[in-house]
Amino acid sequence: MCGLFGVLSGTLTKSEIENAIFLGLLSSTRGYDSTGIAFFGRGKKDSIRMRTHRMLGNSVSFFSNIDTKKIMGFEQPYLFMGHTRWATLGAVNNYNAHPIEEGPIILCHNGSIDHFLKDKKDEHNSDSRELARRLGKQSVLSTLRSVGDGHYACTFVDLRKKLFTIIRNSYRPLCYMYDEARTTM
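Thresholds applied
- Each chain has its residues counted from 1, following the order in which its sequence is written.
- Only residues with pLDDT of at least 70 are given local features in this predicted model, and only at 80 or more are side-chain atom pairs given and counted; all residues enter the totals for whole chains, interfaces and linings.
- Hydrogens and waters are ignored; side-chain quantities use all the structure's heavy atoms.
- We define a nonpolar core as any set of buried Ala, Val, Leu, Ile, Met, Phe, Trp, Tyr and Cys residues linked to one another through side-chain atoms lying within 4.5 Å.
- The buried label goes to any residue with under 20% of its type's maximum accessible area, the exposed label to any with over 50%, and the partly exposed label to all in between, with areas taken from a 1.4 Å probe on protein chains only.
- What counts as a helix is a DSSP run of H or I of at least four residues, what counts as a strand is a run of E of at least two, and both are numbered from the N terminus.
- Patch definition: residues above 30% relative accessible area lacking any salt bridge, with like charges linked at up to 9 Å and the nonpolar side chains Val, Leu, Ile, Met, Phe, Trp and Tyr linked at up to 5 Å.
- Shrake-Rupley sampling with a 1.4 Å probe provides the accessible areas, and residues are treated as covered by the protein chains on show and by no other component.
- We define a salt bridge as a side-chain nitrogen of Lys or Arg found within 4 Å of a carboxyl oxygen belonging to Asp or Glu.
- Only strands joined by at least two bridges in the DSSP assignment are considered to pair.
- Throughout, an axis means a line fitted to C-alpha atoms (over the contacting stretch in the case of helices), and angles, computed between N-to-C directions, take values from 0 to 180 degrees.
- Throughout, a residue-residue contact means that at least one pair of heavy atoms, one from each residue, lies within 4.5 Å.

## Considerations on the nonpolar core
When a protein is soluble and globular, its nonpolar side chains tend to lie buried together. Counting residues in hydrophobic clusters, the biggest one holds 15 residues, and the most contacted among them are Ile 17, Ile 21, Ile 37, Phe 39, Phe 63, Met 72 and Phe 80. Looking at this core, the elements with two or more residues in it are strand E1 (3–8), helix H1 (14–26), strand E2 (34–42) and helix H2 (59–63). Sorting elements by how many residues they give to this core places H1 first, with three residues. Formed by 13 residues, the second largest nonpolar core is a distinct cluster that contains Phe 116, Tyr 152, Cys 154 and Ile 167.

## A word on a nonpolar patch on the surface
A cluster of nonpolar side chains, contributed by Met 1, Tyr 32 and Trp 86, occupies part of the molecular surface with about 290 Å² of accessible area. If you trace the backbone, Tyr 32 turns up in the loop between H1 and E2. In this structure Tyr 32 comes out as partly exposed when scored by relative accessible area, which is 44%.

## Remarks on the pattern of salt bridges
All chains considered together, the criterion is met by six salt bridges. Arg 134 is the salt-bridge partner of Glu 130, the closest N and O atoms lying 2.8 Å from each other. Separated by four residues within a single helix, Glu 130 and Arg 134 lie in helix H4 (residues 127–137), roughly one turn from each other. With relative accessibility at 17%, the residue Glu 130 sits in the buried group. Salt-bridge contacts for Asp 158 lead to Arg 160; the nearest nitrogen and oxygen are separated by 3.2 Å. Assessed through its relative accessible area of 3%, Asp 158 is described here as buried. One continuous salt-bridge network, built from bridges that share partners, spans Glu 102, Arg 129, Glu 130, Arg 133 and Arg 134.

## Here we look at the sheet that holds strand E7 (residues 153–158)
If you walk across this open sheet you meet the four strands as E5-E6-E7-E8, and the pairing is antiparallel. The sheet is open, and its two borders are formed by strand E5 (100–102) and strand E8 (163–168), each paired with just one other strand. Averaged over neighbouring strand pairs, the angle between their axes works out to 20° when direction is ignored. Judged from the six bridges that link them, E7 and E8 form a sheet pairing that is antiparallel. Considered in E8, the bridge of Cys 154 is made with Ile 167. Contacts between H4 and the sheet are confined to E5, strand E6 (105–110) and E7, with E6 contributing the most and set at about 140° to the helix.

Function-wise, these values are silent; they only describe arrangement.
Structure, rendered in structure tokens:
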């Protein structure tokens, strides 16, 4: 299945990060094979600073891990993107844990796209990784056309375009909400 969680704001508050962590803990029922997060912040001259961390196992052990706590000390983040994985296609290993980093694309994906994975025994590939590769090489529309009958809900950042995207098809749910001031999603 997999679970996606996160928060986006001008600058994340401690409370917003804690709420996203709570969503990540709730997502443990959606994925127990691995958990991962990506933090994004603004660097000098409009650059993007990023840190990712992934670990095999459920989100409860992930968020109590000392390395995870270090990553969460990121200065002035504006985006926190997380994923709990229930592996359907691709081996259970750190390489296939999300967020997937493939070229300029940082992706969290829920779903399965069977025809994206030619060699199902390849331990260093997954349908999610192939989705990220395609998003890095072609337009979002072209990539989504290639999905066909595949299932997806995903969040991703394109570092080249400095763009955060949320997409889904009718096979996978994806919910989001804003605060009252509509400054935090």
